[in-house]
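# Secondary and tertiary structure notes
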Amino acid sequence: MAKKMLQYQGSSDYIVSDEMRNSVNIAMALGKPLLIKGEPGTGKTVLAQSIANALNKKLIVWNIKSTTKAQDGLYLYDTVQRLYDSQFGDGDVGNIKQYIQLGKLGEAFMAKEQLVLLIDEIDKADMEFPNDLLWELDQMSFYIPETRETITAHTRPIVIITSNAEKELPDAFLRRCIFHYIEFPSPETMEKIIRVHHPELEKKLMDQAMETFYVLRNITNIQKKPSTSELIDWLQALVVGGITPKDIKQEMPFLGVLLKKNEDLDQVLEQVYERQVNKKDKSINKTLSRFYR
Ligand SMILES: Nc1ncnc2c1ncn2[C@@H]1O[C@H](COP(=O)(O)OP(=O)(O)OP(=O)(O)O)[C@@H](O)[C@H]1O
Ligand SMILES: [Mg+2]
């Protein structure tokens, strides 16, 4: 990629692949939103923080819920307060401006300096939500009829949008975004990510934990595969619990940190048990007895 375009290089607390770095820089160069998809816990949300840190810009986070409407991101007109003031207050209720509260998008547009706007988990809202934002994200502008004002962005914010992999978003919306899918990290990348979170971790413990982790992820029929964030938590649990690499292999301690469904726990124990029985290894009985006491 041309050198001029290279702005985001990753940050000390966030490991980026070359593809991810390119996607971020292309989205910034074209002034388009970057849509990030990927399994839960693969670093979608923290990417925006990393971009803000690396480029020394402020981050505004708009967390999307099932009830969020596009309008919430623009502005809200507090009619109830105005009515209250007209009856009991002594303020100037004719000044409607004071009853207009900007939403996260409005806030980002009003900022004097360029900032990073994260629209987190866009797939949580209903299907209309992304389409309702098309105009505003394209034009970086919206009109407030109550005050006859147009809010236009001083500088185009860097917009990062995250979505979980399952749900499809409308075509018209996709067309306006640069898209990046976070592939599940390879063991080499995962090692670097772990080092960010556990710089002091003993190498042998990390290697054994990683081996067990990837075996668990590859067990068939598992409903909720453990992700990066669960591995980071598990390693913390292993350290706090004073677990040795040998213990991990024999007992698979704190499995509940990695697996969150009963069916998955059963599945793992069953498959590991079969494997150990074939190898005539008795150590797995320890694990089983802890779960089926
Ligand atoms: N590339 C990475 N470098 C450093 N840390 C990472 C990386 N990827 C994931 N993590 C860590 O994994 C954890 C989960 O990340 P994050 O919350 O961003 O995931 P997510 O994809 O947004 O998950 P969800 O879909 O559940 O919201 C965080 O603690 C984050 O620091
Ligand atoms: Mg997230």
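Up top you'll find the structure we're talking about.
Remember, it's a predicted structure, so these values are computed and weren't measured experimentally.

To continue, consider the site of ligand 1. If you check the shell around ligand 1, you find 17 residues, and the closest are Pro40, Gly43, Lys44, Thr45 and Ser229. Among the elements of the structure, helix H2 (44-55), strand E8 (158-164), helix H9 (187-197) and helix H11 (228-240) are those that each provide at least two residues to the shell around ligand 1. Considering only residue class, the shell around ligand 1 consists of 7 nonpolar, 9 polar and 1 charged.

This part takes up the environment of Ile60. Along the chain, the position of Ile60 falls in strand E2 (residues 59-63). C-alpha separation for the pair Ile60 and Gly41, spaced 19 residues apart in sequence, amounts to 20 Å. Apart from the residues lying within four places of it in its own chain, the contact partners of Ile60 are Lys104, Glu107, Ala108, Leu115 and Leu117.

The backbone of Asn56 shows a phi angle near 60°, a positive value even though the residue is not glycine. At Arg148, a position not held by glycine, the phi torsion is positive, near 55°. By the element assignment, Arg148 lies in the loop between strand E6 (141-144) and strand E7 (149-152).

Another aspect to go through is the packing of H9 against H11. Running from N to C, H9 and H11 cross one another at 50°; their axes reach a closest spacing of 11 Å. In terms of their interaxial angle, H9 and H11 are classed as oblique. Judged by the twist between their axes, the crossing of H9 over H11 is right-handed. Side by side, H9 and H11 meet where Met190, Ile193, Ile194 and His197 of the first sit next to Thr228, Ile232 and Leu235 of the second. Classifying every residue of the contact of H9 with H11 gives 5 nonpolar, 2 polar and no charged.

Contact pair helix H10 (residues 203-217) / H11: the axes reach a minimum separation of 11 Å and the direction vectors enclose 135°. The angle between H10 and H11 falls in the class oblique. For the pair H10 and H11, the crossing hand works out as right-handed. Between H10, through Leu205, Ala209 and Phe213, and H11, the contact on the second element is made entirely by Leu231, Trp234, Leu235 and Leu238.

What follows deals with the nonpolar core. One recurring pattern in soluble globular proteins is that nonpolar side chains are buried together. Counting 38 residues, the largest nonpolar core has Leu34, Ile51, Val116, Ile119, Val159, Ile160 and Ile161 as the members making the most contacts within it. Residue assignment for this core shows that the elements contributing at least two residues are helix H1 (18-30), strand E1 (34-38), H2, helix H3 (70-74), helix H5 (104-110), strand E5 (116-120) and E8. Residues in contact with Val116, not counting those within four places in the same chain, are Ala48, Ile51, Ala52, Lys57, Leu59, Pro157, Ile158 and Ile160. Listed in part, the 14 residues of the second largest apolar core include Phe213, Leu235, Leu238 and Ile248.

With that out of the way, let us pick up H10. In a regular helix each residue adds 1.5 Å, so 15 residues correspond to 21 Å; H10 covers 21 Å between its end C-alpha atoms and thus fits that length. Where H10 is concerned, the buried positions are Ala209, Phe213 and Leu216. All buried residues of H10 fall inside an arc of 60° around its axis, so they share one side. Facing away from the buried side of H10 by over 90 degrees, the exposed positions are Lys203 and Lys204.

Here is what the cut-offs are and how they apply
- Residues numbered from 1 in each chain as written.
- Chains lettered and ligands numbered in written order.
- Predicted model: local features only at pLDDT ≥ 70, side-chain atom pairs only at ≥ 80, totals over all residues.
- Near = placed C-beta within 6 Å.
- Helix = DSSP H or I, 4+ residues; strand = E, 2+ residues; numbered from the N terminus.
- Nonpolar A, V, L, I, M, F, W, Y, C, P; charged D, E, K, R; others polar.
- Contact = placed C-beta atoms within 7 Å.
- Axes fitted to C-alpha atoms, helices over the stretch in contact; angles between N-to-C directions.
- Parallel < 35°, antiparallel > 145°, perpendicular 65-115°, else oblique.
- Left-handed = near helix turned anticlockwise from the far one by under 90°.
- Core = buried A, V, L, I, M, F, W, Y, C linked by C-beta atoms within 7 Å.
- Buried ≥ 20, exposed ≤ 12 C-beta atoms within 10 Å, placed from the backbone.
- Expected span 1.5 Å × (residues − 1).
- Arc of directions from axis to C-beta.

Geometric values such as these leave the question of function open.
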